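# Architecture and fold: a report
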Protein chains: 2
Amino acid sequence: MLAGIELGGTKTVVAVADVDGSIAEQYRFPTTYPEETLNVATQWLKQRGRVTRLGVAAFGPVSVNKARADYGQILTTPKVGWVGYDLVAHLEASLTGVSIVLDTDVNAAVFAEVRLGVARGLENVAYITIGTGVGAGFVVDGSVLHGAIHAEFGHLRVPKHPKDDFEGVCPFHGDCLEGLASGTAIRSRWGKGGHEIAAADKAWDVEAWYLAHGVQAIMAVTSPSLVIVGGGVSQALGFHAKVESMLRELAGGYFPVLEEVKQYIVAPALGQNAGIYGAFLLAQQ
Amino acid sequence: MLAGIELGGTKTVVAVADVDGSIAEQYRFPTTYPEETLNVATQWLKQRGRVTRLGVAAFGPVSVNKARADYGQILTTPKVGWVGYDLVAHLEASLTGVSIVLDTDVNAAVFAEVRLGVARGLENVAYITIGTGVGAGFVVDGSVLHGAIHAEFGHLRVPKHPKDDFEGVCPFHGDCLEGLASGTAIRSRWGKGGHEIAAADKAWDVEAWYLAHGVQAIMAVTSPSLVIVGGGVSQALGFHAKVESMLRELAGGYFPVLEEVKQYIVAPALGQNAGIYGAFLLAQQ
């Protein structure tokens, strides 16, 4: 049986795959403490049969490189109780005989969008998610980018919006991208969530400024031909068009990748299922 | 005969390889107009024998992806006379029967440093060069990163230094990284070249601020385990230590890659020869 776990910062999804690789059955529940969360997932899986292959798409920072001594562990995170927790060891102990592939939630999402979604067939794609936090995964020259640890895109330092004096919410950096543009930052800065802010509100100009700087940094480093932006905050009306317009202004006509498409910043096609599809695909590699 | 051309923004190097892959003979001359520059190189090569394999390490932006219609051409550049010039077509016409591998000068340099230099054996490395302009090449998960076009690292947007009101020299963006931190920017801002500025001058704090933000952006995207900084500007006394110290301050203890080495930002080992060694290695692939 092929299964997937998407371990998110606020919710976890566990699913088993159909023979065609689609989702046969899934269960979504809140992410709490490590053992409690994983036990819910493994109990649910055991009731469905014997899992042979399991893809795990986890929030970061997490050590996904098998060559490292800390492989399988959650690294430095503000998330209480999770620092140093060994995901893979716990899952291997609970699910006898399982073969586990671990990657970040955003790497799973970009992989799924490249194989099955809006970026099908492309070789160079970035996937940014903006929810409680900000993260990104990359496919570069046809492969998922891992790096020495993995991308920490949320903690990119970006120029402040000229009219923004908000100090940011990141416990490590204050005003990094995540500190200024995450859902948490929006709630702290404006006193309400993104879904409560009207599309014409200037709050979205500030948000688009930061996201556009983030996308510009990615263009400067990995040169993707398409950038997918997902996550709760990105669902605001006109969000992608606003970020794209700001990006084109910033780019000053210099980046050929922008000249080759009408729409460079797009919404994901797989929506909430990208993580689980990615987990299935990872486990099948 | 294996040969290499490093086509730089201000100088060009042409070389032939010894049987062991080292430089048998090389010639360095100023980069002028396209045909003139390439003719000097090809004439020099023809006098030495028949070139069968040629690695070309060129300044960017340049189209290095064979799947693209503009493969082999110099793209949008402020360099007079070079926009749209087809390097590969010209070289193929001049050197009958030659097999050419084209990449950017910084990709060649990072490849050479990973194979032969300071980053030998590492899988994730960035190489930044700061001379007339600013550029970067990356090895990611063991391979040279290409992307849809290639990295345009010099044009990264960075937060302004709190005490810097210099508007920048980039003709496209003004105050992008290259506009604020290149050798050209240093000369324009301070009225003299980097080699004329004392190590204790506050100019180097400003320079380190911008470079550290550039390195931080790379950490946030490709997660290298080592960053090499080369180019004329980097030769100032104490330069690497100053950028490293600023970077560690910026990183706020969050990036594990920084905790694993004493020195994260290092000088290249191959110096001025990295481009030519990279060109040889490219042509041998």
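Placed above this text is the structure.
Below you will find a few notes about this structure.

Scoring rules and cut-offs
Residues numbered from 1 in each chain as written. Chains lettered and ligands numbered in written order. Predicted model: local features only at pLDDT ≥ 70, side-chain atom pairs only at ≥ 80, totals over all residues. Heavy atoms only, no water. Helix = DSSP H or I, 4+ residues; strand = E, 2+ residues; numbered from the N terminus. Rg over C-alpha atoms; globule rule 2.2 N^0.38 Å. Buried < 20%, exposed > 50% of the residue type's maximum accessible area, 1.4 Å probe, protein only. Contact = heavy atoms within 4.5 Å. Buried area = accessible area lost by both parts, 1.4 Å probe. Salt bridge = Lys/Arg side-chain N within 4 Å of Asp/Glu carboxyl O. Polar contact = N/O pair within 3.5 Å; in protein donor to acceptor, adjacent residues only side chain to side chain. Axes fitted to C-alpha atoms, helices over the stretch in contact; angles between N-to-C directions. Left-handed = near helix turned anticlockwise from the far one by under 90°. Pairing = 2+ DSSP bridges. Least-squares fit on C-alpha atoms with pLDDT ≥ 70 in both. Core = buried A, V, L, I, M, F, W, Y, C linked by side-chain atoms within 4.5 Å. Lys, Arg positive; Asp, Glu negative; His and termini not counted.

On to the overall build of chain A. Per the secondary structure count, chain A includes nine helices and 10 strands. Here the C-alpha atoms of chain A give a radius of gyration of 19 Å, agreeing with the 19 Å that 2.2 N^0.38 yields for 285 residues. Along the first, second and third principal axes, the C-alpha atoms of chain A reach 55 × 40 × 35 Å. Across the 285 residues in chain A, those meeting the buried criterion constitute 60%. Considering only contacts in chain A between residues 6 or more positions apart, those separated by 24 or more positions represent 62%.

At the junction of the two partners, chain B supplies 44 residues and chain A supplies 44 residues. Buried area between chain B and chain A, both sides added, is near 3500 Å², and the carbon and sulfur share of it is 61%. Of all residues in chain B, the largest losses of buried area upon contact with chain A belong to R157(B), V221(B) and Y254(B), amounting jointly to 22% of the total for that side. If you look at where chain B meets chain A, you find two salt bridges. For the interface between chain B and chain A, the tally reads 26 residue pairs in polar contact (both at pLDDT 80 or more). Elements with a minimum of two residues in the side of chain B that touches chain A: strand 7 (134-140), helix 6 (203-221), helix 7 (239-251) and helix 8 (256-259) of chain B. Top contributing element to the side of chain B that touches chain A by residue count: helix 6 of chain B, with seven residues.

Before going further, it helps to spend a moment on the packing of helix 1 (residues 34-46) of chain A against helix 2 (residues 87-94) of chain A. Residue and element names in this part refer to chain A. Where helix 1 meets helix 2, the axes come as close as 10 Å, and the angle between the chain directions of the two elements is 35°. When you trace helix 1 past helix 2, the crossing you get is right-handed. Residues E35, L38, N39, T42 and K46 of helix 1 touch helix 2, and the partners they reach there are L87, H90, L91 and S94.

Applying the stated criterion to the full structure yields 16 salt bridges over all chains. Across the salt bridge formed by D70(A) and R68(A), the nearest N and O atoms sit 3.0 Å from each other. Since its relative accessible area comes to 17%, R68(A) is described here as buried. The partner of R189(B) in a salt bridge is D164(B), with the nearest N and O atoms 2.8 Å apart. With a gap of 25 residues between them, R189(B) in helix 5 (residues 183-190) and D164(B) in the loop between strand 8 (143-144) and helix 4 (177-181) connect regions that are remote in the sequence.

One face of the sheet, then the other: side chains in a regular strand alternate in exactly this way. Residue and element names in this part refer to chain B. Most of strand 9 (residues 226-230) is tucked away: five of the five residues are buried. Note: strand 9 against strand 10 (residues 265-266), two bridges, orientation parallel. Residue pairing in the sheet places V227 in a bridge with I265 of strand 10.

Attention now goes to the relation of the copies chain B and chain A. Overlay of chain B on chain A (RMSD 0.0 Å): rotation 180°, translation along the axis 0.0 Å. With respect to symmetry, the two chain copies, as superposed, fit the operation of a two-fold axis. Within chain B, P159(B) has its C-alpha nearest the rotation axis, a separation of 2.0 Å. A share of 100% of the interface residues of chain B reappears at the interface of chain A, consistent with the copies meeting face to face through the same patch.

Core analysis: the largest hydrophobic core is formed by 104 residues, its most contacted members being I128(A) and I128(B). Those residues within four positions of I128(B) in sequence are excluded, and the remaining contacts are V134(B), G135(B), A136(B), F153(B), L211(B), V215(B), I218(B), V227(B), I228(B), V229(B) and G230(B).

Okay, the sheet that holds strand 10 of chain B next. Residue and element names in this part refer to chain B. What the five strands build is an open sheet, ordered 8-7-6-9-10; its pairing is mixed. Both edges of this open sheet fall to strand 8 and strand 10, since each of them pairs with a single strand only. Pairing geometry for strand 6 (residues 125-130) and strand 7, over six bridges, is antiparallel. Its bridge partner being in strand 7, I130 is matched across the sheet by V134. The sheet contacts of helix 3 (residues 105-116) involve strand 6, strand 7, strand 8 and strand 9, and relative to strand 7 the element is tilted by about 45°.

Okay, the sheet that holds strand 3 (residues 23-30) of chain B next. All names here are of chain B. Strand order across the open sheet formed by five strands is 3-2-1-4-5, with mixed pairing between neighbours. Of all the strands in the sheet, just strand 3 and strand 5 (99-104) have a single pairing partner and so form its edges. When strand polarity is set aside, the average angle formed by the axes of neighbouring strands in this sheet is 15°. In this sheet, strand 5 lies alongside strand 4 (residues 53-58) in parallel orientation, the contact comprising six bridges. Along strand 5, the bridge assignment pairs A58 with T104.

This paragraph deals with the side chain of E207(A). All names here are of chain A. By the element assignment, E207 lies in helix 6 (residues 203-221). Buried charge E207 goes without a salt bridge, the closest partner of opposite sign being R189 at 5.0 Å. Excluding its chain neighbours within four sequence positions, the residues that come into contact with E207 are I130, L180, A181, I186, V233 and F239.

Structural measurements only, silent on function.
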